[in-house]
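Structural overview for review
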Amino acid sequence: MLTPQTEKDVSEMIKGASEPMKIKGGGTRPIGRCEATQTLSTAGLSGIELYEPGALTIVAKAGTPMAEINKALTFENQILPFEPMDHQSLLGTKGDATIGGVVAANVSGPRRIQAGACRDSLIGVRFVDGTGTALKNGGRVMKNVTGYDLVKLMAGSYGTLGVITEVAFKLLPRPDTTACLILHDLDPTRAVAAMSKALGSPYEVSGAAHLVNKARTVLRLEGFESSVLYRLGELKTLLAEYGGMSEITQKDQAEAEWNTISSVKGFSAHNGDIWRISVKPSDASAVISSLPDNTEIQLDWGGGLIWAATPKGTDVRAAMAAISGHATLIRGDGALATFHPDPAPLAVISAGLRQQFDPRGLLNPGLMG
Amino acid sequence: MEMPAPDASILDRKARIVARLQTVLPLDSVIHDERETRAYECDALTAYKCPPLCAVLPSSTEEVSEVLKICHDEGVPVVPRGSGTSLAGGALPTADSVILGVARMNEVLETDYDNRFIRVQTGRTNLSVTGAVETDGFFYAPDPSSQLACAIAGNIAMNSGGAHCLKYGVTTNNLMGVTLVMMDGTITEIGGAYLDSAGYDLLGLICGSEGQLGVVTEATLRILPKPEGARPVLMGFDSNEVAGACVSDIIKAGVLPVAIEFMDRPVIRATEAFAKAGYPDCEALLIVEVEGSEAEIDEQLGLIMQIARKHNPVELRQSTSPEESAAIWLGRKSAFGAMGQINDYMCLDGTIPVSELPFVLKRIGEMSKEYGLDVGNVFHAGDGNMHPLILFDANKEGDLELCEAFGADILRLCVEVGGCLTGEHGVGIEKRDLMVDQFAPEDLNVQMKIKDVFDPKWLLNPSKVFPLAASESRRAG
């Protein structure tokens, strides 16, 4: 195991490498097949470099554990806007998830519909490319259009374009309180319609999920208490046509509900393949119909994100071929590709980028691009 | 700002190139008469002008593709153009280039409220995107101050922001998909009406690439439900430091205003003389706006005013009606016009960490004395995006150059304190040569390697973004 302690170490290790390497953060989100004979761990690149609560900004080294980030943010009553999920119960992994891993996989939770994805809050990145060159892009300010946006490119590139060594984020104040409105016994089509109506309202819904097997549709409101209660009342009136409702106004209970949804805890006992499917919300029902009957489904992002636990070997992409969107195989051991294939012109671009950033094919080969 | 000398062999081939373009476009879509090409000689950075070889105004993605195939084949540089409102010279042509304007492509292609998106042709103006959905209670969030005129194509090219990005983000955070035509004419789709595109985030790379990677002809944009209401509070302080500390305290208190605007004394005085908004005569003025229902607004403004009082404001005025809101915004919205009444001005766009605000304002004041040029500051304080307005006299010999040197020093200062050269206007030609102050040679090189992948012949808007010396070998290739 290569265990660099500084960015310079990373650079030297890559320059001196003769074999491809697997890039590892906390190891809680293994994905796909990577053809490497050695592992480089970012665990040694750890620590918060700068935290300015008054500027809503944090900068941390890539291997900093999420627990450390969350602790610092909690102390100042702030949050990472995109609510990164913990994959451990879903994937049955154990470890200290790192902030660099969150960026590499562009991990974004339920609040994505309101506050954007990981890539939207990421404002700066340092990384070492496949030639061992240390590079930076973005910075620590919220608005920055100076040159090309490699910050976005690095988010979700799964370590295939470079080893991320440092990341900077913009933050949000932690909501004062959280409440849920729960709709009961809706089928997926009606549930998506209800969620769309809620998300099309001015009541700032910050989470909209539907647990298919429980027929439970959960809407989240966050903010100052009086405002949350006001909006809860308005939502109930708005959604009256959808029938049976209940609510959670206890902050702890509401947060626990969303923690379960965010980390897809409902799937933890499932031993089939796990897919993450991104579509237009109104296409969610069609995707569900195209999958085998014994598939477990959880909808998030108002129906735009479908978590599906399918029987092993189910070709979800073939099943949803007529629907525009994409599917990622989060866990599966079959012959199916991890990532949705790019359309031909984009595949050429992706391969070209990969060639520019990692000409020797050292970083997570076989995973992407 | 220097531009590369035109390629004489292209100038010689003008007749042939125009004739070829006329085979794929209607006659009135190819503008080649020298009197008419002047209309395309500059954008909103009017200090620099050069008529193009010709301008084309295609009306479909397919026509754009045909144009690019011909230019690719002929080796002719192409400068994409939205509405020509760039303050950075992003759409400035060279004499050997073809301007590709998307102004005739301005249709709404699809509106979907259930899935909260709109798909438009990119020649459509920013404000008319909101215009297409506002009667149904929706809006498109990025709101650059040129929104009446600027096109979505240019917004995407520059990753434009606006006054409300503290809450809603900039263009890249509201862009879901594009139809991209590459320099060789290949048409491709990136992303779509769903969140998060597959594979590498090429959408994020395209947005803000200043028309150097491809021509975006259609865009899928996220639309949002309009808030129930919005109201500002105006507060005046007797120093920039105190105003800066107040901004920081508001943010730390857990309120997320939709906008925090800052004006310093020179701008306050200019706007008072021009618009008579009734602002207090003080060192620094903040306008903080929040959204929600009436009760929610009252609660948030109450909290914000409570924080402001701790900083002993010389004035604290909460709006209680649309008329009062308009009065508070009047001065801010006329700030640029007011400064323009005094003299010509250059508008900068550097961004700084919010904590550096007092120091940077103090330094700008000192530099203003050294250069002998007045400067006013009006900017989005919540996100640190400054807009120093340097006053100069365009008719006075050497004043423009002096102003540019002053501007460059301010931008270097922004970089020194941990910020960047441009927050929302883009690099264009204006900040091209300052890129070396923000980026190491390898950081610039990796960006140019990306252009190599998308546009190997370096024909798309080639003389922008990168210092000419840095890009020279590639452009010559």
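Residues numbered from 1 in each chain as written. Chains lettered and ligands numbered in written order. Predicted model: local features only at pLDDT ≥ 70, side-chain atom pairs only at ≥ 80, totals over all residues. Heavy atoms only, no water.

What to know about the overall build of chain A
The number of helices and strands found in chain A is 13 helices and 17 strands. By the compact-globule yardstick of 21 Å for 369 residues, chain A fits well, its C-alpha radius of gyration being 21 Å. Projecting the C-alpha coordinates of chain A onto the three principal axes gives extents of approximately 65 × 50 × 35 Å. Across the 369 residues in chain A, those meeting the buried criterion constitute 61%. The contacts in chain A between residues at least 6 apart in sequence include a share of 70% that link residues at least 24 apart. Element-wise, carbon and sulfur atoms account for 50% of the exposed surface of chain A, whose accessible area totals about 13,000 Å². With 35 positive and 37 negative side-chain charges, chain A shows a separation of 3 Å between the mean positions of the two kinds. (Helix = DSSP H or I, 4+ residues; strand = E, 2+ residues; numbered from the N terminus. Rg over C-alpha atoms; globule rule 2.2 N^0.38 Å. Buried < 20%, exposed > 50% of the residue type's maximum accessible area, 1.4 Å probe, protein only. Contact = heavy atoms within 4.5 Å. Areas by Shrake-Rupley, 256 points an atom, 1.4 Å probe, with all protein chains shown as cover. Lys, Arg positive; Asp, Glu negative; His and termini not counted. Charge placed at Lys NZ, Arg CZ, Asp CG, Glu CD.)

Observations concerning the sheet that holds strand S18 (residues 388-392) of chain B
Residues and elements named next belong to chain B. On the basis of which strands lie adjacent, the open sheet formed by 7 strands has the order S15-S12-S14-S13-S17-S18-S16 and antiparallel pairing. Edge positions in the sheet fall to strand S15 (315-318) and strand S16 (344-347), since each of these pairs with one other strand and no more. Each neighbouring strand pair of the sheet contributes to a mean axis angle of 15°, computed without reference to strand direction. Sheet analysis places strand S12 (residues 230-237) next to strand S14 (residues 284-291), joined by 8 bridges and oriented antiparallel. Bridge pairing in S14 links Leu 234 to Ile 287. In the packing of helix H11 (residues 294-309) onto the sheet, contacts are made with S12, S14 and S15, and the angle to S12 comes to roughly 10°. (Pairing = 2+ DSSP bridges. Axes fitted to C-alpha atoms, helices over the stretch in contact; angles between N-to-C directions.)

Description of the side chain of Arg112(A)
Here Arg112(A) is to be found in helix H5 (residues 112-115). Its relative accessible area of 9% is what places Arg112(A) among the buried residues. Here Arg112(A) is in contact with Ala117(A), Asp120(A), Trp301(A), Leu195(B) and Asp196(B), once residues within four sequence places are set aside.

What about the environment of Ala286(A)?
Looking at where Ala286(A) falls in the secondary structure, it is placed in helix H11 (residues 284-290). Taking the C-alpha atoms as reference points, Ala286(A) and Pro188(A), separated by 98 residues in sequence, lie 9.7 Å from one another.

A few points about the sheet that holds strand S10 (residues 177-184) of chain A
Residue and element names in this part refer to chain A. Spatially, S13-S10-S12-S11-S15-S16-S14-S17 is the arrangement adopted by the 8 strands of the open sheet, whose pairing is antiparallel. Among the strands making up the open sheet, the edge pair consists of strand S13 (245-248) and strand S17 (325-331). Shown here is a sheet whose adjacent strand axes are inclined to one another by a mean of 20°, direction ignored. Bridging between strand S14 (residues 273-279) and strand S16 (residues 305-310) involves 6 bridges; their strand directions are antiparallel. Bridge pairing in S16 places Asp 273 opposite Thr 310. Along the sheet, helix H10 (residues 251-262) contacts S10, strand S11 (205-211), strand S12 (216-223), S13 and strand S15 (296-300); its crossing angle with S10, the most-contacted strand, is approximately 65°.

Comments concerning empty space enclosed by the protein
For the structure on display, the rule yields 5 cavities of 30 Å³ or more. Lining the largest cavity are 39 residues, with Ala105(A), Asn106(A), Arg276(A), Asp196(B) and Ser197(B) positioned closest to its centre. Contributing elements (two or more residues each) for the lining of the largest cavity: helix H6 (118-121) and S17 of chain A together with strand S8 (175-181) of chain B. The element that contributes the greatest number of residues to the lining of the largest cavity is S17(A), accounting for 3 residues. By residue class, the composition of the lining of the largest cavity is 19 nonpolar, 11 polar and 9 charged. If you add up the space inside the second largest cavity, you get close to 330 Å³. Along the walls of the second largest cavity sit 30 residues, with Met142(A), Lys143(A), Asn144(A), Asp149(A) and Lys152(A) positioned nearest its centre. (1 Å grid on protein atoms, 1.4 Å probe; cavity = no way out; pocket = protein on both sides within 12 Å on 5 of 7 lines; lining within 4 Å. Points joined across faces, edges and corners; volume = space filled by probe spheres on them. Nonpolar A, V, L, I, M, F, W, Y, C, P; charged D, E, K, R; others polar.)

Structural notes on the packing of helix H13 (residues 344-357) of chain A against helix H17 (residues 441-454) of chain B
Remark: H13(A) packs on H17(B), axes separated minimally by 9 Å, with the N-to-C direction vectors making an angle of 145°. H17(B) is crossed by H13(A), and the crossing has right-handed handedness. Taken together, the residues of H17(B) that come into contact with H13(A) (itself represented by Ile349(A), Gly352(A), Leu353(A), Gln356(A) and Phe357(A)) are Val446(B), Lys449(B), Ile450(B), Asp452(B), Val453(B) and Phe454(B). Taken together, the residues that form the contact of H13(A) with H17(B) break down as 7 nonpolar, 2 polar and 2 charged. (Left-handed = near helix turned anticlockwise from the far one by under 90°.)

Section: the nonpolar core
Grouped together as the largest cluster of nonpolar side chains are 181 residues, with contacts concentrated most on Phe169(A), Ile277(A), Leu205(B), Met235(B), Leu286(B), Ile450(B) and Phe454(B). Element by element, the count of residues in this core is highest for helix H15 (residues 399-416) of chain B, at 8 residues. Sequence-distant contacts of Phe169(A), defined by excluding residues within four places in its chain, comprise Leu56(A), Thr57(A), Ile58(A), Leu80(A), Phe82(A), Ile99(A), Val103(A), Cys118(A), Ser121(A), Leu122(A) and Ile123(A). Val18(B), Val30(B), Cys54(B) and Ala153(B) belong to the second-largest nonpolar core, a separate cluster that totals 26 residues. (Core = buried A, V, L, I, M, F, W, Y, C linked by side-chain atoms within 4.5 Å.)

A short note on the pairing of S10(A)
Residues and elements named next belong to chain A. Of all the 8 residues making up S10, 7 are buried; the element is thus mostly covered by neighbouring parts of the structure. Bridge count for S10 against S12 is 8 bridges, and the pairing is antiparallel. For Leu 183, the partnering residue across the bridge sits in S12 and is Thr 217. With 4 bridges connecting them, S10 and S13 associate as antiparallel partners. Among the inter-strand pairings, Ile 182 is bridged to a residue of S13, identified as Ser 246.

Looking at the interface of chain B and chain A
Each partner contributes to the interface: chain B provides 94 residues, whereas chain A provides 74 residues. Both faces considered, chain B and chain A share a buried interface measuring about 6,500 Å² in area, 59% of it formed by carbon and sulfur atoms. A salt bridge links Asp201(B) to Arg119(A), with the nearest nitrogen and oxygen atoms 2.8 Å apart. For the side of chain B that touches chain A, the elements supplying multiple residues, two or more each, are strand S5 (108-112), helix H7 (165-168), strand S9 (187-191), helix H8 (202-206), helix H9 (240-252), H11, helix H16 (435-438) and H17 of chain B. For the side of chain B that touches chain A, the element with the highest residue contribution is H17(B), accounting for 10 residues. For the side of chain B that touches chain A, the class distribution of residues is 41 nonpolar, 30 polar and 23 charged. (Buried area = accessible area lost by both parts, 1.4 Å probe. Salt bridge = Lys/Arg side-chain N within 4 Å of Asp/Glu carboxyl O.)

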